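# What the coordinates show
Listed here are the chains, written in short residue letters.
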Amino acid sequence: MATLLIDAEWNLPGRIDASTGSISFDDPDEAQVDDVLDDLGELVLKRGGDVVVVPGDQMPTTTGIAAIYRF
C-alpha cells in the first residue's frame, strides 16, 4: 500500500483531469480555484492508497507532497 503525504499549509491552484492525468494550473487570485493537491489526494484514495495531511513543519519535503511506497 502507498501513502501520500500532503502539506496542510500548501495550495496549488489548478486541477487534474482524472481521465487523462493532465494538469491545468489556475490563477490563484480567482475566486473559485481548485487545488491540484486535493485532486491528487482523491486519485490516491480511489486507487486504494492512503492520504495523510501533515502540518507543514513536519513535512519531510519542501514541495507540498511526499509519498511512501511499500511493496
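Below: a short report on this structure. Note that the structure is predicted; figures quoted are calculated from it, not measured.

### What to know about the side chain of aspartate 7
Looking at where aspartate 7 falls in the secondary structure, it is placed in strand E1 (residues 2-7). At a separation of 2.8 Å, a polar atom in the side chain of aspartate 7 contacts the main-chain amide nitrogen of glutamate 9. Sequence-distant contacts of aspartate 7, defined by excluding residues within four places in its chain, comprise Val54, Pro55, Gly56, Met59 and Gly64.

### Here we look at helix H1 (residues 36-46)
Listing the buried residues of H1 in full gives Val36, Leu37, Asp39, Gly41 and Leu43. Its side-chain oxygen 3.2 Å from the backbone nitrogen of leucine 37, aspartate 35 forms the N-cap of H1. Of the residues flanking the end of H1, it is glycine 48, one or two places downstream, whose phi is positive at about 90 degrees.

### Focus: the pattern of salt bridges
Summed over the entire model, instances satisfying the criterion amount to two salt bridges. Between arginine 15 and aspartate 26 there is a salt bridge, and its shortest N-O distance comes to 3.2 Å. One end of the pair, arginine 15, is in strand E2 (residues 14-16); the other, aspartate 26, is in the loop between strand E3 (23-25) and H1, with 11 residues separating them in the sequence. Where salt bridges share partners, they join Arg15, Asp26 and Asp34 into one cluster.

### What to know about the side chain of aspartate 35
The residue aspartate 35 is located in the loop between E3 and H1 in this model. No salt bridge forms around the buried aspartate 35; measuring N to O, its nearest opposite-charge neighbour arginine 15 is 11 Å away. Excluding its chain neighbours within four sequence positions, the residues that come into contact with aspartate 35 are Trp10, Asn11, Leu12 and Gly14.

### A few points about the sheet that holds strand E5 (residues 65-69)
One open sheet accounts for three strands, arranged E4-E1-E5; its pairing is mixed. On the outer flanks of this sheet lie strand E4 (50-54) and E5, each paired with one strand and no other. Between one strand and the next, the sheet's axes are offset by a mean angle of 20 degrees, whatever the strand orientation. Sheet topology note: the E1/E5 ladder contains five bridges and is antiparallel. For leucine 5, the partnering residue across the bridge sits in E5 and is alanine 66. Docked against the sheet, H1 engages E1, E4 and E5, running at close to 165 degrees with respect to E1.

Rules of the game
- Residues numbered from 1 in each chain as written.
- Predicted model: local features only at pLDDT ≥ 70, side-chain atom pairs only at ≥ 80, totals over all residues.
- Heavy atoms only, no water.
- Helix = DSSP H or I, 4+ residues; strand = E, 2+ residues; numbered from the N terminus.
- Polar contact = N/O pair within 3.5 Å; in protein donor to acceptor, adjacent residues only side chain to side chain.
- Contact = heavy atoms within 4.5 Å.
- Buried < 20%, exposed > 50% of the residue type's maximum accessible area, 1.4 Å probe, protein only.
- Salt bridge = Lys/Arg side-chain N within 4 Å of Asp/Glu carboxyl O.
- Lys, Arg positive; Asp, Glu negative; His and termini not counted.
- Pairing = 2+ DSSP bridges.
- Axes fitted to C-alpha atoms, helices over the stretch in contact; angles between N-to-C directions.

Bear in mind that shape data such as this cannot, by itself, settle questions of function.
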